[in-house]
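# A structural walkthrough
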Amino acid sequence: MRIGVALAAVVLCVGCGGRQDAVVFRGEGAPGSAGSHRYEYVFLDRELDVVEAQPPFRLVERVRIPEFHSLRGVAVDPRAATVYASVGGNGGSSGHGGLVAYDLLRNRVVWRRSFSSGTDSLAITPNGRTLYVPEGERTMGDRWYAVDARTGDITATIHAAPGPHNTIVARDGKTVYLGPRNSRFLVVASAATNAVVSRVGPLKPGVRPFAIDETRGLAYTTATGFLGFQVSSLRTRRALYTVPIRFPWRHSLGTPSHGIALTPDGRTLAVIDVPNSYVHIFDVSRVPERAPRHVADVRLTHSMKGKESPCGGDCGRAGWLQYGLDGRYLWVADDGDVVSATTNRVVGYVPALASSRYLFELDWRGGKPVRTGGRSGLTP
């Protein structure tokens, strides 16, 4: 473990003058209302849309947040009612990035920090104390920063693999899974020591979005230039199955499966197909003993071609998938469709979701947030 002293974040503001951001729209049943509610939070450039997480997926609140510009990732701590956003550059030619902490109860920025590197898709420990922030997919650096969620200060640095990009923290908070874009290995680190404990692979080159099933000891990974996914054992650290999706696509399109999600029970896997505007569904209930079984191909009702609007950073519709807390609905980011997990049919459309891949589900009770699945959904 090396402490990130030379790379310490620079304080831009604490409290940020107490300015309250503009609530553009607030409807019946918005966050803070009496009773119990479940919402999907969708983050666009400089804007937050909150929609009900059940049909008809009605918009209940919209807030302008100028500091949420050029988003790279979001994480939330329900107990602190705070969202943490990675913003700015994600390394290399895109430049340096930063973090923003935002109070959902008071609709105002708590603190901002700039970094002397990029920042990317972060995750938070379940106790809300530590953020794990990658330095960015556009760099050949290998650093993930452990950041104090109260202050934004870097407390440690994990050296993992080139192109730090995506991050998942286990439900018990003991393990951090690190996805480096420029590596053939998924990296596993200890949250207690902030040290690498294992590497899973070799995999197809370029670890992209991934999902973890800790109960069965499995990792589901996507890769650059591959339409499909791989299944690996976290225990043996080796790939078990490589599952191609046999739909036609132009290989110049980068990462066709930039979205993968497990239902909370770990029995069903969804994989996005960006070039064809599909989601492919697999039964993974008998993995690792048997290979994933193809179940359905869900044709989306909106095309994933084109660009996000508004756009503040990478504008292409790269895609992302997230199952909700109860596993009933699959949210298709950069498309806007919502898919029923029961019928594998599109049952709704959320306009904001067509121009965002930054989202999470959040339960509120008694006027306060109480539970989330995070951007990647619950880890089974």
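Above this text you will find the structure in question.
Residues numbered from 1 in each chain as written. Predicted model: local features only at pLDDT ≥ 70, side-chain atom pairs only at ≥ 80, totals over all residues. Heavy atoms only, no water.

### Notes on the nonpolar core
The biggest cluster of nonpolar side chains holds 24 residues, and the ones touching the most others in it are Tyr41, Phe43, Phe68, Leu71, Leu104 and Phe360. At the level of secondary structure, the elements contributing two or more residues to this core comprise β3 (36–44), β4 (47–52), β5 (59–64), β6 (71–77), β7 (82–88), β8 (97–103) and β30 (359–365). Those residues in contact with Phe43 that lie beyond four places of it in its chain are Leu48, Phe68, Leu71, Val74, Val83, Ser356, Tyr358, Leu359 and Phe360. Formed by 17 residues, the second largest nonpolar core is a distinct cluster that contains Leu227, Ile245, Leu262 and Val271. (Core = buried A, V, L, I, M, F, W, Y, C linked by side-chain atoms within 4.5 Å. Buried < 20%, exposed > 50% of the residue type's maximum accessible area, 1.4 Å probe, protein only. Helix = DSSP H or I, 4+ residues; strand = E, 2+ residues; numbered from the N terminus. Contact = heavy atoms within 4.5 Å.)

### Describing the sheet that holds strand β17 (residues 195–200)
In space, the four strands of this open sheet follow the order β14-β15-β16-β17, with antiparallel pairing throughout. Taken across any chain shown, the strands that pair with only one partner, and hence form the sheet edges, are β14 (164–169) and β17. The average undirected angle you get between the axes of adjacent strands in this sheet is 25°. In terms of strand pairing, strand β16 (residues 186–190) meets β17 through five bridges, oriented antiparallel. When the sheet's bridge partners are listed, Ala189 is paired in β17 with Val196. (Pairing = 2+ DSSP bridges. Axes fitted to C-alpha atoms, helices over the stretch in contact; angles between N-to-C directions.)

### Focus on the environment of Pro55
Its location among the elements puts Pro55 in the loop between β4 and β5. Accessibility expressed as a relative area gives 44% for Pro55, which makes it partly exposed. Put simply, Pro55 and Lys305 are 250 residues apart on the chain and 26 Å apart in space, counted from C-alpha to C-alpha.

### A closer look at the sheet that holds strand β20 (residues 228–233)
Strands sit in the order β18-β19-β20-β21 across an open sheet of four strands; the sheet is antiparallel. What marks the edges here is a single partner per strand, and that holds for β18 (207–213) and β21 (238–244). Going from strand to strand, the sheet's axes swing by 25° on average, the running direction of each strand aside. Across four bridges, the pairing between strand β19 (residues 218–223) and β20 is antiparallel. Bridging from a neighbouring strand, Thr221 pairs with Gln230 of β20.

### Brief notes about the pattern of salt bridges
Per the counting criterion, the structure on display carries 20 salt bridges. In this structure, Arg72 engages Asp314 in a salt bridge whose closest nitrogen and oxygen atoms are separated by 2.9 Å. With a gap of 242 residues between them, Arg72 in strand β6 and Asp314 in the loop between β25 (293–299) and β26 (320–323) connect regions that are remote in the sequence. On the basis of relative accessible area, Arg72 is assigned to the buried category, the value being 6%. Take Asp314: its relative accessible area is 25%, and that puts it in the partly exposed class. Two residues, Glu137 and Arg208, come together in a salt bridge whose shortest N-O distance is 3.5 Å. Highlighted residues: Glu137 in the loop between β11 (130–134) and β12 (143–148) and Arg208 in strand β18, separated in sequence by 71 residues. A network of salt bridges, in which partner residues are shared, links Arg38, Asp326, Glu361 and Asp363. (Salt bridge = Lys/Arg side-chain N within 4 Å of Asp/Glu carboxyl O.)

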